[in-house]
Amino acid sequence: MHGAKSHCPHFHSTSHLSPFADMSNVIVLDNGGGFIKAGHGGERDPVTVIPNCLYRPLSSKKFLHPSPTASASTEDLTSAAVRRPIDRGYLINPDLQRDIWSHLFTSLLHITPSNYSLLLTEPPFTLPSIQRATDELVFEDFGFKSLFITDSPKLVHLYEASKRPDGLISKAQCSLVVDCGFSFTHAAPVFQNFTLNYGVKRIDLGGKALTNYLKELVSYRSVNVMDESFLMDDVKEKLCFVSLDIARDLQVARKRGKDNVLRCVYVLPDGITHTKGFVKDPDEAKRYLTMTGADSPSLETIKGIDRPELSEKLEDRRRIDLTKNEFELTNERFLVPEMIFHPADLGMNQAGLAECIVRAVNSCHPVLHPVLYESIILTGGSTLFPRFSERLEMELRPLVPDEYQVKITTQEDPILGVWRGGSLLASSPDFEAMCVTKSEYEELGSARCRKRFFH
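Structure report, in brief.

Rules used in this analysis
Residues numbered from 1 in each chain as written. Predicted model: local features only at pLDDT ≥ 70, side-chain atom pairs only at ≥ 80, totals over all residues. Heavy atoms only, no water. Helix = DSSP H or I, 4+ residues; strand = E, 2+ residues; numbered from the N terminus. Buried < 20%, exposed > 50% of the residue type's maximum accessible area, 1.4 Å probe, protein only. Contact = heavy atoms within 4.5 Å. Areas by Shrake-Rupley, 256 points an atom, 1.4 Å probe, with all protein chains shown as cover. Salt bridge = Lys/Arg side-chain N within 4 Å of Asp/Glu carboxyl O. Pairing = 2+ DSSP bridges. Axes fitted to C-alpha atoms, helices over the stretch in contact; angles between N-to-C directions. Core = buried A, V, L, I, M, F, W, Y, C linked by side-chain atoms within 4.5 Å. Phe/Tyr/Trp six-rings, centres within 6.5 Å; stacked < 30°, edge-to-face > 60°. 1 Å grid on protein atoms, 1.4 Å probe; cavity = no way out; pocket = protein on both sides within 12 Å on 5 of 7 lines; lining within 4 Å. Points joined across faces, edges and corners; volume = space filled by probe spheres on them. Nonpolar A, V, L, I, M, F, W, Y, C, P; charged D, E, K, R; others polar. Left-handed = near helix turned anticlockwise from the far one by under 90°.

Let's talk about the overall build of the chain
Per the secondary structure count, the chain includes 20 helices and 19 strands. Split into buried and exposed, the 455 residues of the chain put 54% on the buried side. Once local pairs closer than 6 in sequence are excluded, the contacts in the chain between residues at least 24 apart make up 69%. Carbon and sulfur atoms form 52% of the exposed surface of the chain, whose accessible area is close to 20,800 Å².

Re the pattern of salt bridges
One pass over the full model with this rule turns up 24 salt bridges. When the shortest N-O distance is used, the salt bridge between Asp95 and Arg98 registers 3.2 Å. A residue pair is termed a helical-turn pair when its members lie 3 or 4 positions apart in one helix, as Asp95 and Arg98 do in helix H2 (residues 94-108) at three residues. Overall, the relative accessible area of 31% leaves Arg98 in the partly exposed class. The partner of Asp135 in a salt bridge is Arg450, with the nearest N and O atoms 2.9 Å apart. Taken as a pair, Asp135 in helix H3 (residues 128-141) and Arg450 in helix H20 (residues 446-450) lie far apart in primary sequence, 315 residues in all. Arg450 carries the same exposure label as Asp135, and that label is buried. Connected via shared salt-bridge partners are Arg44, Asp45, Lys163, Glu412 and Arg420.

Thoughts on the sheet that holds strand E16 (residues 326-329)
Overall, antiparallel pairing links the three strands, which are arranged E15-E14-E16 in an open sheet. The two strands at the open ends of the sheet, each matched to only one other strand, are strand E15 (278-279) and E16. Where strand E14 (residues 264-267) and E16 come together, four bridges link them in antiparallel fashion. Across the sheet, residue Cys264 finds its bridge partner in E16, namely Leu329. Sitting on the sheet, helix H7 (residues 229-239) touches E14, E15 and E16, and the angle it makes with E14 is about 150°.

Some thoughts on the nonpolar core
Ranked by size, the top nonpolar core spans 53 residues in total, and within it Leu353 and Ile357 carry the most contacts. Looking at this core, the element that brings in the most residues is helix H14 (residues 353-362), giving seven residues. Dropping the residues within four chain positions of it, Ile357 is found in contact with Leu176, Val178, Ala187, Tyr373, Ile376, Leu392 and Leu396. Counting 52 residues, the second largest nonpolar core, distinct from the first, contains Leu96, Trp101, Leu118 and Phe148.

Here's the deal with the packing of aromatic side chains
Per the counting criterion, the structure on display carries 13 aromatic pairs. Considering the side-chain rings of Phe241 and Phe334, the 6.1 Å spacing of their centres and the 50° angle between planes classify their relative orientation as tilted. Remark: Phe334 occurs in helix H12 (residues 332-335) and Phe241 occurs in the loop between H7 and helix H8 (246-253); sequence separation between them is 93 residues. Assigned by exposure class, Phe241 and Phe334 land together as buried.

Description of empty space enclosed by the protein
The rolling of a water-molecule-sized probe over the atoms marks out the regions of remaining empty space. Under the defined criterion, the tally for this structure stands at two cavities of 30 Å³ or more. If you trace the largest cavity, you find 14 residues lining it, with Asn31, Leu91, Thr121, Glu122 and Thr134 closest to the centre. Put simply, the parts of the chain that give the lining of the largest cavity at least two residues each are strand E7 (90-91), strand E8 (117-121) and H3. Among the residues making up the lining of the largest cavity, the classes are represented as eight nonpolar, five polar and one charged. Considering only enclosed or pocket space, the second largest cavity measures out at about 40 Å³ in volume.

Brief notes about the pairing of E14
Taking every second residue as pointing to the same face, both faces of E14 are buried, with Cys264 and Tyr266 on one and Val265 and Val267 on the other. Bridging between E14 and E15 involves two bridges; their strand directions are antiparallel. Its bridge partner lying in E15, Val267 is registered against Phe278.

So, the packing of H14 against helix H16 (residues 388-396)
In contact at an axis separation of 9 Å, H14 and H16 are set at 65° when each is read in the N-to-C sense. Of the two elements, H14 crosses H16, and the hand of that crossing is right-handed. Of H16, the residues touching H14 (which contributes Leu353, Ala354, Ile357 and Val358) are Phe388, Leu392, Glu395 and Leu396. Classifying every residue of the contact of H14 with H16 by side-chain character gives seven nonpolar, no polar and one charged.

Details of the pairing of strand E3 (residues 48-51)
Pairing analysis gives four bridges linking strand E2 (residues 35-41) to E3, with the strands arranged antiparallel. If you follow Lys37 over to E3, its bridge partner there is Val49. In textbook terms, the turn of a hairpin is the stretch between consecutive antiparallel strands, and for E2 and E3 this stretch comprises six residues, one of which, Gly42, has a positive phi near 95°.

Worth remembering: the numbers are spatial, not functional.
Take a look at the structure:
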């Protein structure tokens, strides 16, 4: 291991890294299960962000590549079939990934891979067979000049440390990165820019599972949306939030009429006047932000809800107007993100996020515990739910010893945080020395080359 470290001297300190120096001969590829973020090393933002999938609209007989602006385009994605190369975070279909990357390099980045080095992200604990398939893709199918593979937590730590050179993360060279992505959630301790693999804890729950759960809730209560992946992603992103008081919010969700500040309406696409769904009243969707502890319903109100003379007739309540192209959401809005904190409610035999963090910290040396709790970094699209960090701190505080401080940092852009760390690393003067070249790969094979990446 000591010999391996000499390949990347910059990893001991981030102080001499000049933020985003020009390194345009390196392609940085954050290959997520939900989205691919790709661009040139040294840039602040990626050139393109595209869904990591192929989709087939109802109007087409073949699978198409999503455009970078798939969510904003006028294309009708209603009931589109989706094929993804990554499942549960790992690459399961290299042929499909090759097709998507080929489109990415040729049509979006406009590059010839043989002239470039590649910095690629890979999740922790990737199986050797998947690593081999990835290396074959990079060197044999695309012919990249050289390759460096790293994991997300390392890059997030690197970026946050470089942003605040006088902050605790930079000075202690230590942080706990919580990555809530599309396929999974990881709590990963990072020390001196190395992810401590023995401390990484994983929850098999990410944005994809939350969208699927929302599909089930809406399909059961109002209209069948089980085939509407893109649509329900949009509903989740625009309307879901994290509850700070689950018992209170459940009671508010049962109220009638204007007293229910959680109720809002989402309009489905009709395929004629609009091909995208939208929130009927955006102001109504934000009313929950006005809720404080004082809004807790009284006991009389709660009792009144269940008294038959005060409630509407059951058949009226359950009747669905099929001519309406919309559905209501109430408690679904906070019950979906709640799964990250309590996966057991979904029948998963796994710890919630707060307990997952405590287990990750406890796996490390006791000297690191106070620093890790004080330098928690949130990244990944699922951390974008409103009130996510406040709720996490509420859950975490009772589990952490009183003498330790808990400080949670949210990235300015949790979706691009990993890519920006990669761009920074690619612009380091030592980057080329850390890479495995195509000739080394051909001579030594995948397994020998992988030892350089400390997996």
